[in-house]
Amino acid sequence: MYLQIAIKNFSQQTLTYRSHMATQNLIGYRVIVPFGKTEKIGLVVGTEPNTSLDADKIKRVLKTLDQSPLVLLEHLQFLTRLSQYYKVSLNQLVLAALPSTLLDPEYPCDQIYYGRHHPGQTAAQIKALNALETPITFTDLQLVLRPSMAQTLIQQGSLMPCKGEKKPVTHTELPTLTDAQKSVFDAIQQQAPGPHLLWGITGSGKTEVYIHLIQEALKRHKQCLIMVPEIALTPQIHQKIAQRLALDPVSLHSLQPPRKRTSYWMKARHGDAHVVIGTRSALLCPIDRLGLIIVDEEHSDAYRQETPFFFSARDAAILKAAILNIPVILGSATPSLETLHNAQQNRYHLHELLCRYNASKPSISLVTVEKDQYIANRLIPIVTQALANDTHVMLYIGKRGYSRLLRCHHCGYQACCPACERPLIKHQTGRMHCHNCDSSHPSITDCPSCQQAELSQYGAGSQKIVEIAEALWPNHPTLRVDTDAMNKLDAGNVLQSLNTAPATIIVGTQMLTKGHDIERLNTVIVVSADHMLFSPDFRGEEKLYAELTQVIGRSGRRQTPGVTYIQTQHSKHPLFEHLNHRKTMYDYLLHKRQEFMLPPYQYMACIFIHGPEAKLKYLNHMRLSQYDLCQIIGPVPYPAGKKKTHVCYKVMISSECRTARGQCYLQILKALSPQLPKTATLTGQIDSHLSP
Ligand SMILES: Nc1ncnc2c1ncn2[C@@H]1O[C@H](COP(=O)(O)OP(=O)(O)OP(=O)(O)O)[C@@H](O)[C@H]1O
Ligand SMILES: [Zn+2]
């Protein structure tokens, strides 16, 4: 018997080994195998009775590590389907699905235990548990604890071997759903399984509906997965679920230290966590008794993973739910055009929540600003009054940094990133940063091109707005929320703490927009919305609509009505005209897509070729052959990113037929790869909507 084993190796393909067990089915088990002069841990993903390889050269597995499969068959089936759809190797997907410690040969491999607090533990036991870093192997456990203590903890279930069991759920009383929420809840219960779009305006209580659905799933001894687009949203939902359902959800995200992540992953895998909250990678965790998936803020681009391979966690969630035959809820106030289109075509069930819970819809005013003004004069007393009323004020600015452009008024020189040619952004530290490729450069004052003038600064980023706010309202704290100021997890915690903080001016970027439920925030000012009105990205308007709706939605979420002021120089733009009428807005956006033959009316894919400039010059003149039912554009030059000496080319494929698109994509990859120099890399994105 030959085994296909997923294992870290250069080819990124699974490797073949000979089984050491005659009869046992090892699919889903971890094994130790010889690898060159060392040994490695791999996961068995398939078996075959024969092989076309030279049988004498195939090495034998040394040892099985797990007592039961670590990855379930259904989950392997999901990963296989995902690999077929995104044309990514199964090996890569399996490696991404497992926490790194579980494949680390340095980590001794015997039975793994993880710690669990529960009532009735003595102070000494709690202390011992706290001192342990779990998950822990049996061997390590003997080294860290007295054998008698280890024994007791295992016996009483405070240290759980990774096997899985059904933990009882405590029944809690949930807030009563409103009639509208109840009818959505009932409809989902009746129509499950399959994809459901929950299109509910901001503050309509989508989270409350999720919690009721989770409670029902728990009663059926199922586990639930809630996906959030950003780590910043995990603390809030974690706290809400823990409180409402009296249980301890586990979170899975990339900012966790490896051991902690492994411990949580194990709890999810073995059924010990009733509710798992996570960002896109959580979807790859083989949750034992998964009965419900919720994809909150489904429209978010953060569900798209680009490296090391491309996939959309939202779309993958739909695939997973189909394989497991369970419901998947896509929730948003501003669904993506793809999802809405699918609902309109009856491929997804559609549920709507049109009113806020116990609050009115915030009002929107457009405010004209003069070119050199950052905050319109007429808004200043409004903010002052809001702060005096002990309420928070949000100044939303979609951009980080201090000033956005450095230009010479004499010769027109503009400071740009030497690597990717995007404008450099000045930060308060004085240095200039490229937000595209994350590089940092020393500041320049005089124009390096004509030496005739100092560079002038244009456009404000969040740092500048903080400076302005501090000067205007010196007696109130300002809080800057962007990726330069804090990491995403801290942002979530800081925003949570605002509920009890004095009246604060919150200045921030997109980290603020989605899902946050901040009390006493009634006044929101969008400092500038114009940067995306004329974006070259065909999704620019869709994104701006979502961004604005989400920002507006942060205000007035309790009794006092919210007011949003949008500062613009283009108040006649159709986007503003439809801003308050979601149906006509979506008609407007969808109509444009149909007219220009863009998604969701077309399926797209992109291929990127990265490499040294000299070696890829020939791509400038290359003509790719045409494929039936597909349009192909490129190769065309594309911004290259970090490496100065490298260039990038992009090929775009679009088709009305999904299968034709997929085949064409593979054929182009096949045609391109043998021609490329070794130093070049080829990557691809299926369903990618990157702007041309
Ligand atoms: N039936 C209910 N009973 C009690 N409180 C509710 C109910 N429905 C909603 N709420 C409260 O109303 C507020 C807004 O609800 P929630 O955060 O669920 O809205 P949402 O639709 O998820 O909004 P967003 O899209 O902006 O994230 C919350 O504080 C929530 O607890
Ligand atoms: Zn750059």
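Analysis parameters
- Every residue gets a number counted from 1 within its own chain, in the order that chain's sequence is written.
- The lettering of chains begins at A and the numbering of ligands begins at 1, in the order of writing.
- Confidence filtering applies because this is a predicted model: local features only for residues at pLDDT of at least 70, side-chain atom pairs given and counted only at 80 or more, and all residues used for totals across whole chains, interfaces and linings.
- Side-chain measures were taken over the full set of non-hydrogen atoms in the model, leaving aside hydrogen atoms and water.
- UniProt positions are given in the numbering used here, feature names are shortened, and annotations may be inferred rather than shown by experiment.
- Only the stretch in contact is used when fitting a helix axis, every axis being a line fitted to C-alpha atoms; angles between N-to-C directions are given from 0 to 180 degrees.
- The numbering of helices and of strands both runs from the N terminus, where a helix is a DSSP run of H or I of at least 4 residues and a strand a run of E of at least 2.
- Convention used here: angles under 35 degrees read as roughly parallel, angles over 145 as roughly antiparallel, angles from 65 to 115 as roughly perpendicular, and any remaining angle as oblique.
- By the convention used here, residues are in contact when the closest approach between their heavy atoms is within 4.5 Å.
- Charged residues are taken to be Asp, Glu, Lys and Arg, nonpolar residues to be Ala, Val, Leu, Ile, Met, Phe, Trp, Tyr, Cys and Pro, and polar residues to be all remaining types, Gly included.
- By the convention used here, strands pair only if DSSP detects at least 2 bridges between them.
- When a carboxyl oxygen of Asp or Glu lies within 4 Å of a side-chain nitrogen of Lys or Arg, that pair is called a salt bridge.
- We call a residue buried when its accessible area falls under 20% of the maximum for its residue type, exposed when it is over 50%, and partly exposed in between, using a 1.4 Å probe and counting protein chains only.
- Here the aromatic set is Phe, Tyr and Trp, taking the six-membered ring for Trp, and pairing holds for ring centres within 6.5 Å; pairs whose planes are under 30 degrees apart are stacked, those over 60 apart are edge-to-face, and all others are tilted.
- Counted as over-ring charges are cases with an Arg CZ or a Lys NZ within 6 Å of the ring centre that also lie within 35 degrees of the ring normal.
- In this text, near means that some heavy atom of the residue lies within 4 Å of the molecule or strand in question.
- Two N or O atoms form a polar contact when they lie within 3.5 Å of each other; inside protein one atom must be a possible hydrogen donor and the other a possible acceptor, and for residues adjacent in sequence the pair counts only when both atoms belong to side chains.
- Accessibility throughout is a Shrake-Rupley quantity obtained with a 1.4 Å probe, and a residue counts as covered only by protein chains that appear here.

Looking at an unreviewed UniProt entry, one finds the protein chain named Replication restart protein PriA and attributed to Candidatus Synchoanobacter obligatus. UniProt, in its Subunit (unreviewed entry) section for the protein chain, records the words "Component of the replication restart primosome." As recorded by UniProt, the Function (unreviewed entry) comment attached to the protein chain reads in full: "Initiates the restart of stalled replication forks, which reloads the replicative helicase on sites other than the origin of replication. Recognizes and binds to abandoned replication forks and remodels them to uncover a helicase loading site. Promotes assembly of the primosome at these replication forks."

(A) Representation of the packing of helix H3 (residues 123-131) against helix H5 (residues 147-155). Orientation of H3 relative to H5, taken along the N-to-C sense of each, is 95°, at an axis distance of 11 Å. When the axes of H3 and H5 are compared, the pair comes out roughly perpendicular. For the pair H3 and H5, the contacting residues are Ala124, Gln125, Ala128 and Leu129 in the first and Met149, Thr152 and Leu153 in the second. Residue composition of the contact of H3 with H5, grouped by class: five nonpolar, two polar and no charged.

(B) Region of interest: the sheet that holds strand E7 (residues 136-137). A sheet is described by the order of its strands in space; here three strands give the open sequence E7-E6-E8, paired in antiparallel fashion. Only two strands of the sheet have a single partner each, and these edge strands are E7 and strand E8 (159-161). Alignment of strand E6 (residues 112-115) against E8, held across three bridges, turns out to be antiparallel. Paired with Tyr114 across the two strands is Met160, which belongs to E8.

(C) Broad picture of the pattern of salt bridges. Per the stated rule, a full pass over the model turns up 23 salt bridges. Close ionic contact of Arg289 with Asp288 constitutes a salt bridge, the shortest N to O distance being 3.9 Å. Using a relative accessible area of 16% as the deciding quantity, one classes Arg289 as buried. A salt bridge links Glu519 to Arg558, with the shortest nitrogen-to-oxygen separation between them at 3.8 Å. Here Arg558 lies in the loop between helix H15 (540-552) and strand E28 (563-568) and Glu519 lies in the loop between strand E26 (505-508) and strand E27 (521-528), a separation of 39 residues in the sequence. On the basis of relative accessible area, Glu519 is assigned to the partly exposed category, the value being 31%. A network of salt bridges, in which partner residues are shared, links Asp301, Arg539, Glu542, Lys543 and Arg593.

(D) Region of the structure containing the packing of aromatic side chains. Under the criterion given, the structure shown has six aromatic pairs. Between the aromatic rings of Phe309 and Phe311, the centroid separation amounts to 5.9 Å while the plane-to-plane angle is 35°, which identifies the pairing as tilted. For the pair formed by Phe309 and Phe311, the shared burial category is buried. Across from the ring centre of Phe35, 4.3 Å away, lies the NZ or CZ of Lys40, which sits over that ring. Just above the ring of Trp199 sits the side chain of Arg582; from NZ or CZ to the centre is 4.0 Å.

(E) Quick look at the site of ligand 1. Around ligand 1 sit 21 residues in total, of which Lys206, Thr207, Glu208, Asp517 and Arg557 are the nearest. For ligand 1, an oxygen atom lies 2.8 Å from a polar atom in the side chain of Thr207. Residue Tyr357 places a side-chain N or O atom 3.3 Å away from a nitrogen atom belonging to ligand 1. Burial of ligand 1 by the protein amounts to 92% of the accessible area it has alone, namely 630 Å².

(F) Expanded view of the UniProt feature "domain: Helicase ATP-binding" (unreviewed entry) in the protein chain. Residues given the UniProt feature "domain: Helicase ATP-binding" (unreviewed entry) here are residues 187-353. Secondary structure within residues 187-353 divides into 38% helix and 25% strand; the distance between the first and last C-alpha atoms comes to 13 Å.

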